[in-house]
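Descriptive structure summary
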Amino acid sequence: MALLSADQYRESLRDGRSITYRGRRVDDVTADPELRVGVELAALDYDLAHEPDHREVAVVKDPETHEEISAYYQVPRGPDDLLARSRLIELGTVRGGTIPPLIKEIGTDALFALLRVLEGEALERARVFYRHCADGDLAVAVAQTDVKGDRSVPPHAQPDPDVYLRVVDRNAEGIVVRGAKAHTSASANAHEIVVLPTRAMGPDDADWAVSFAVPVATPGLHLYVSPFSGGDRNDFEFPLSHRAKMLESLTVFDDVLVPWERVFLLGETALAGPLALTFVEYHRFTAVSYKLPLLDAFVGSAAAIAEMNGVSRAGHVRDKVAQLIAYAETIRALTEMAALRGRVGQHGIAYPDPLTTNMCKYTFATRYHEAAALVQECAGGLLVTAPGREDWESETVRPVLEKYFRGAAPAEDRLRMMNLIADLTARDFAGYHAVLAVHAEGSIEAEKLQILRSYDLPGAVGLARRFASID
Ligand SMILES: Cc1cc2nc3c(=O)[nH]c(=O)nc-3n(C[C@H](O)[C@H](O)[C@H](O)COP(=O)(O)OP(=O)(O)OC[C@H]3O[C@@H](n4cnc5c(N)ncnc54)[C@H](O)[C@@H]3O)c2cc1C
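Observations concerning the sheet that holds strand E12 (residues 263–266)
A sheet is described by the order of its strands in space; here four strands give the open sequence E5-E8-E9-E12, paired in mixed fashion. Every interior strand has two partners, whereas the edge strands, strand E5 (140–143) and E12, have only one. The average angle at which neighbouring strand axes cross in this sheet is 20°, direction not considered. The pairing of strand E9 (residues 210–215) with E12 spans three bridges and is classified as antiparallel. For Ser211, the partnering residue across the bridge sits in E12 and is Leu265. On top of the sheet, helix H5 (residues 105–117) reaches E5, strand E8 (192–195), E9 and E12; it is set at about 65° to E5, its chief contact. The sheet contacts of helix H6 (residues 120–136) involve E5, E8, E9 and E12, and relative to E12 the element is tilted by about 145°.

Okay, here's the thing in structure tokens:
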């Protein structure tokens, strides 16, 4: 099958899927004035593959079928493939205005994990599903994070057994699942949803150790999409957030039948942890790759507004810009290093180095708020007191603004740059980015845990003991 066009993608989403938004049922996700912003963000991915300038990065020849497929679906075989994947994700995020389309990035993270961890019949099912997605050029969301109830309690001991997604029945056609996943990105505008376990599980958690994939328009699957950072936005006040919105949902499985050929894990509790972690290895690499345009925008907007304010030569401003560059380039260098240190795992599939990937994500997340504050410091209070689009478009108000908001640059440039920085660091979209930094792809503590697991601690302790002359 050929690569989808953006129009074919939009058309394919009109399939009767069950979406609820702001308390009401949505019949067509592509027509809803707020939800369509997420659809259009994702459609950029399909446009990219058809643009002559980007085909080399966005499209590859499939080694099995010799047909063209989206480069996101290229199974990485070594560091070069991982680097190419990172650059593609970065390119997509530049187009998305700091938010990646995320309709193939996360889905392929899950597919690579399934292809690496599974064996036997389950692996064959995953391979068939992979072909279905790659050949159909499909958009795939991943529902890993369960709603989880009381975090201190394992799935089988929760008062409500549905707070982790579980198997409630098996029949000749397949399994029946019940429960809910949270924060599922791009679910409302994907074709398929892959479900993965969110944690390691013990022998009593067998009913919760389940992985499968279903089309979004499956009976019993209901998506409750978050309105955060939605609403009517103009491109003057909200230069990024009027177009950069991802659709996250509470994803409820109300006794959904999953056909046997789509079941990848069923009751093998020992595999739940490795599958969850292998997905995360890829997904944190995707994360740090898509953070790079955001950090470049921090550097660029801080330097630009300082210039427009006439303070770019001030020592403290140069210091702040230098700190921002060091931060952005540390993340870029660690991202590249994670790929270069990548290893080839089971079934000949490469993966980014977990220690470097987690160090990168951890460094990004823990220094993010400080970096945003540096950009704000360079900008000034207009970030929250600037006039709106109607003021700027008014024939009587605009001359006043042009006179009084001129700095070392015309008022329009200065106000537009202020609005970009407000979107990035001060408005609700900035809050979205800040929470995304801390929690998406795993909270900071999860990254620390992986750093501790991946580092050769016994080796370092041995060295310290030798230096201390302890046998
Ligand atoms: C914008 C966004 C997009 C996302 N997209 C997706 C997606 O597409 N698919 C998906 O599956 N997930 C997605 N996530 C979910 C993300 O992976 C989770 O938010 C993250 O794993 C944290 O889980 P939580 O939000 O349930 O918070 P919690 O797990 O409740 O964490 C809150 C705090 O409690 C701590 N904590 C939790 N459990 C314990 C414990 N047992 N002991 C000690 N401390 C604990 C954590 O370290 C953290 O500090 C997304 C999240 C965001 C914010």
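Here's the deal with H6
Compared with an ideal rise of 1.5 Å per residue, which puts 17 residues at 24 Å, H6 spans 24 Å between its outermost C-alpha atoms and is within 8% of the ideal. Residues of H6 that are buried include every one of Ala122, Leu123, Ala126, Phe129, Tyr130, Arg131, Cys133, Ala134 and Gly136, and no others. The inward-facing, buried residues of H6 abut strand E4 (68–70), H5, E5, E8, E9 and E12. Once H6 finishes, Asp137 follows within two positions and takes phi at roughly 55°, a positive value.

Observations concerning the nonpolar core
Grouped together as the largest cluster of nonpolar side chains are 106 residues, with contacts concentrated most on Tyr73, Val194 and Phe298. Broken down by element, the residue count for this core peaks at 17 residues, all from helix H7 (residues 269–309). Counting residues in each nonpolar core, the second largest holds 39 residues, with Ile175, Val210, Val225 and Leu247 among its members.

Notes on the packing of aromatic side chains
For the structure on display, the rule yields 10 aromatic pairs. With centroids separated by 6.2 Å and ring planes inclined at 65°, the aromatic side chains of Tyr73 and Tyr130 adopt a geometry described as edge-to-face. Here Tyr130 lies in helix H6 and Tyr73 lies in the loop between E4 and helix H4 (79–95), a separation of 57 residues in the sequence. You can call Tyr73 buried: its relative accessible area is 0%. Overall, the relative accessible area of 7% leaves Tyr130 in the buried class. Look at Phe364 and Tyr368: their rings are 5.4 Å apart centre to centre, the planes differ by 55°, and that puts the pair in the tilted class. In this pair, Phe364 and Tyr368 are both assigned in helix H9 (residues 354–379), four residues apart and thus about one turn of the helix distant. For Phe364, a relative accessible area of 0% translates into the label buried. Using a relative accessible area of 1% as the deciding quantity, one classes Tyr368 as buried. By the ring-pair criterion, three or more aromatic residues cluster together here, those being Phe298, Tyr327, Phe364 and Tyr368.

Overview of the sheet that holds strand E6 (residues 166–170)
Across the sheet, which stays open at both edges, the six strands sit in the order E2-E1-E10-E11-E7-E6 with mixed pairing between neighbours. With partners counted over all chains shown, the strands left at the sheet margins are strand E2 (24–26) and E6, one partner each. Each neighbouring strand pair of the sheet contributes to a mean axis angle of 20°, computed without reference to strand direction.

Description of the pattern of salt bridges
This model, assessed by the stated rule, comprises 37 salt bridges. Between Glu336 and Arg87 there is a salt bridge, with its nearest N and O atoms 3.3 Å apart. Of the two residues, Glu336 is situated in helix H8 (residues 315–340) and Arg87 in helix H4; the sequence distance between them amounts to 249 residues. By relative accessible area, Arg87 is classed as partly exposed at 44%. When the shortest N-O distance is used, the salt bridge between Asp255 and Arg178 registers 2.6 Å. Linking Asp255 in strand E11 (residues 248–259) with Arg178 in strand E7 (residues 174–185), this pair joins segments that are 77 residues apart in sequence. Among the residues examined, Asp255 registers a relative accessible area of 36% and is labelled partly exposed. Here Arg178 falls in the partly exposed class, since its relative accessible area comes to 28%.

Calculation notes
Residues numbered from 1 in each chain as written. Predicted model: local features only at pLDDT ≥ 70, side-chain atom pairs only at ≥ 80, totals over all residues. Heavy atoms only, no water. Pairing = 2+ DSSP bridges. Helix = DSSP H or I, 4+ residues; strand = E, 2+ residues; numbered from the N terminus. Axes fitted to C-alpha atoms, helices over the stretch in contact; angles between N-to-C directions. Contact = heavy atoms within 4.5 Å. Expected span 1.5 Å × (residues − 1). Buried < 20%, exposed > 50% of the residue type's maximum accessible area, 1.4 Å probe, protein only. Core = buried A, V, L, I, M, F, W, Y, C linked by side-chain atoms within 4.5 Å. Phe/Tyr/Trp six-rings, centres within 6.5 Å; stacked < 30°, edge-to-face > 60°. Salt bridge = Lys/Arg side-chain N within 4 Å of Asp/Glu carboxyl O.

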